[in-house]
Amino acid sequence: MVAFALLVSALVLVSSSWAFPVGTQRSPLQNLPFVPTGLFCNIPFPLIQEALCPRQTTSSPVVMTPLGPAQGAADTTGATRFVVRYGNADRWQESTVVSSWEFPTGASNASGLPLMCPQLNADDSTFSEDCLAMILYVPTSIMGMVDAPTLMWLHGGSFLTGSATGPGLDGSALAAATNSIVAVVQYRLGALGFMAPDGTTNLAVKDVVTALSFLQKIAPSFGGDASKITLAGQSSGANMIRAILAAPSVSSMFQSAILQSDPMDYGFLNTTTQGTLLNYFNSQISCGSSDSTCLASLSVDDILNAQQNLTNNAASLDPAAGSAEPIRPVRDNELIMNPLDLTAPFPTMSKPILVTTVLDEAALTIYSIFSDPIGQSTYDAVVSETFGQPRTQRLLSNTLYTAPPTPNDGAVQDARPQLQVLGTDQVWRCATWTFARNWAQSGGSAYVGVYTLGATYPGNSDVAYCTQAGVVCHQDDIEIVFGTVPSPTAAQAALVTEMQARYSAFLHSGDPNAAGYPTWVPTSGSNVTALQFGSAGEYAAGACTVDYWGDYIEYDYQVYDI
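Residues numbered from 1 in each chain as written. Predicted model: local features only at pLDDT ≥ 70, side-chain atom pairs only at ≥ 80, totals over all residues. Heavy atoms only, no water.

S.K.: Explanation requested: the sheet that holds strand 10 (residues 224-234) in the structure shown.
M.R.: Backbone-to-backbone hydrogen bonds pair the strands of a sheet. The strands run either parallel or antiparallel. Spatially, 10 strands are ordered 3-4-7-9-8-10-11-12-13-14 in an open sheet, and the strand pairing comes out mixed. The open sheet has two edge strands, strand 3 (73-74) and strand 14 (530-533), and neither has a second partner. Here strand 8 (residues 148-154) runs beside strand 10; their pairing, made up of 6 bridges, is parallel. Of the residues in strand 10, the one forming a bridge with Met152 is Leu231. Against the sheet, helix 4 (residues 203-218) makes contact with strand 4 (79-85), strand 7 (133-139), strand 8, strand 9 (181-185) and strand 10, and its axis sits at roughly 160° relative to strand 8, the strand it touches most. The strands touched by helix 5 (residues 236-245) within the sheet are strand 8, strand 10 and strand 11 (256-260), with strand 10 carrying the most contacts at an inclination of about 130°. (Pairing = 2+ DSSP bridges. Helix = DSSP H or I, 4+ residues; strand = E, 2+ residues; numbered from the N terminus. Contact = heavy atoms within 4.5 Å. Axes fitted to C-alpha atoms, helices over the stretch in contact; angles between N-to-C directions.)

S.K.: Just to check I follow, could you spell out the state of the cysteines for this structure?
M.R.: A disulfide bridge is the covalent bond that connects two cysteines by way of their sulfur atoms. Tallied over the entire structure, the rule returns 4 disulfides. Here Cys430 is linked by a disulfide to Cys544, with a sulfur-sulfur distance of 1.9 Å. Taking the sign of the S-S torsion, -75° for the link of Cys430 and Cys544, the bridge is left-handed. Residue Cys430 is found in helix 12 (residues 416-441), and its partner Cys544 is found in the loop between strand 14 and helix 15 (556-559); the two are separated by 114 residues along the sequence. The residues Cys430 and Cys544 share a single accessibility class, namely buried. (Disulfide = S-S within 2.5 Å. Buried < 20%, exposed > 50% of the residue type's maximum accessible area, 1.4 Å probe, protein only.)

S.K.: What's the story with helix 5 in this structure? I'm lost.
M.R.: Turn by turn, an α-helix covers 3.6 residues, leaving residues three or four places apart pointing in a common direction. Burial analysis of helix 5 places 10 of its 10 residues in the buried class, the great majority of the element. Turning to helix 5, its buried residues number three or more, namely Ser236, Gly237, Ala238, Asn239, Met240, Ile241, Arg242, Ala243, Ile244 and Leu245. The inward-facing, buried residues of helix 5 contact strand 8, helix 3 (190-194), helix 4, strand 10, strand 11 and helix 12.

S.K.: Is there a simple way to think about the nonpolar core in this case?
M.R.: Generally speaking, nonpolar side chains in soluble globular proteins are found buried as a group. Grouped together as the largest cluster of nonpolar side chains are 132 residues, with contacts concentrated most on Trp101, Met134, Leu136, Met152, Phe222, Phe281 and Trp549. Ignoring any residue separated from it by four or fewer positions in sequence, one finds Leu136 in contact with Thr80, Arg81, Phe82, Trp101, Ile181, Val182, Ala183, Leu215, Ile218 and Phe222. Judged by nonpolar contacts, the second largest core, of 35 residues, contains Tyr447, Val472, Phe482 and Tyr503. (Core = buried A, V, L, I, M, F, W, Y, C linked by side-chain atoms within 4.5 Å.)

S.K.: How should the environment of Gln532 be read in this particular structure?
M.R.: Mapped onto the fold, Gln532 is located in strand 14. Through-space distance from the C-alpha of Gln532 to that of Leu453 is 8.9 Å; in sequence the pair is 79 residues apart. Dropping the residues within four chain positions of it, Gln532 is found in contact with Val450, Thr452, Gly537, Glu538 and Tyr539. Polar contacts involving the side chain of Gln532 include one to the side chain of Ser535, which spans 3.5 Å. (Polar contact = N/O pair within 3.5 Å; in protein donor to acceptor, adjacent residues only side chain to side chain.)

S.K.: Teacher, can you tell me more about the side chain of Asp225 here?
M.R.: Mapped onto the elements of the fold, Asp225 is located in strand 10. Despite its burial, Asp225 pairs with no opposite charge, the nearest such side chain being Lys228 at 4.4 Å. The residues touching Asp225, leaving out its near neighbours within four places in the chain, are Val146, Asp147 and Ala148. (Lys, Arg positive; Asp, Glu negative; His and termini not counted. Salt bridge = Lys/Arg side-chain N within 4 Å of Asp/Glu carboxyl O.)

S.K.: Can you walk me through unusual backbone geometry in this structure?
M.R.: Glycine aside, the phi torsion of most residues is negative, and most peptide linkages are trans. Omega for the bond connecting Gln389 with Pro390 falls within 30 degrees of zero, at 5°, which places this linkage in the cis form. For Ser235, which is not glycine, the phi dihedral falls at a positive 60°. The topology assignment puts Ser235 in the loop between strand 10 and helix 5. Within the chain, Ser261 stands out as a residue other than glycine whose phi angle is a positive 55°. Take Ser261: it is sitting in the loop between strand 11 and helix 6 (271-285).

Function-wise, these values are silent; they only describe arrangement.
As structure tokens, then:
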């Protein structure tokens, strides 16, 4: 028996070859402590810099921070972009906050962009191990303020790909619409972020903590309040946020969280599974786990090749790892203290969270793997191989997941829609609703939503089904939230406005209800009220009830006890 995760392959990974467009037009920022980039402004003492550097308005605005002058690039959206290195880290060592403001590797000036963290299927010239960078988007509207919130975005990519320059992640419009600082953050990926040969766990998660520490230091310089940081992310980025929510030592560093399309069915890895995967990885790099000279001499390509071997074999090494996201956060009982799932009681919670999924989360995977219709026998075989007994028998007796009968008119039978619904419910929607109930029962506020309208994400158009009217595939919510939909329809433009109004309200108050829009009711301990985004009313529970998923049908994290 293998988990549904075995079907979710690299097809759902965010492409690493895209980068958001950067406007060439610049507009001056007003009411900022602007300084020229002259001699006195390069003195490494902020107080001297502030005293000796005159304020001025320029197309390359500079903001004084405790770490030194931050030079930005203004554009016509009403926001200014600042690229910066937030942390330093040697290979397989914990990161630390930088001591001075610096452009990241890959950016020689304020208009530059950071190189990605190392990842497969990307040219070596596009990435660097020195990749702990973020892009800040600061709207003119908050300059002179002292209490603006910050949204810190974590990209997706199954912990293997992605970057702060991914498609649709230009935060200018979102920052301007929400009157907030938007920080899009990179963190170490794959083996470099999660497979330290000496057994150190969760380096990538700790990178996010380093980024939070950095933001707390510099947010006030841009009009922000260091105590008003909201974590937000999509897919594995949301999974990363869930790991942070399970780390009590980090709780005081942010006020709320937004999790979009988190594959919660997978669960965190436990230390036993992590140990199995690490032993295999170490066998692939041919270095002793404590041989620092050998480990330092490994090329990035050597490490990525060993990582590829690991991901290809992870499910056979330990089925709990699966193949879709085998490298992921570890419940190590040092940083991550709770699984935040049905296998253990939730700790007391107080933070408000937004948790959303899209209508057809599994469609990108299902219709990529099965490009042609599948019949009853194939459908039953896939379900059986995926779920084993007794889950298969129980699922196939549910009319929601039963393959359609063979058409009498000679048309081809196609059970892909049912397989898509089954995958969406198990990996994303129902697992998310279960999480929301537990969060609410533990004292927190959880607002649940479903996107019934989206914008086809770059790469998703390669799967014809994802371009059909009414279909919303994994990642199709990203450009809606960021307001980066190319040539949006009237309905998409309206949804962008609504979601940015709701995010603004949530960032400022912890409540996503905004004037002029339907009331978004938080989840109770037993009932989920899932608001639809893109259509009216609430999304029907279907099989996502207390007594079905997580009870009658176990999630993978329950089956594998991770």
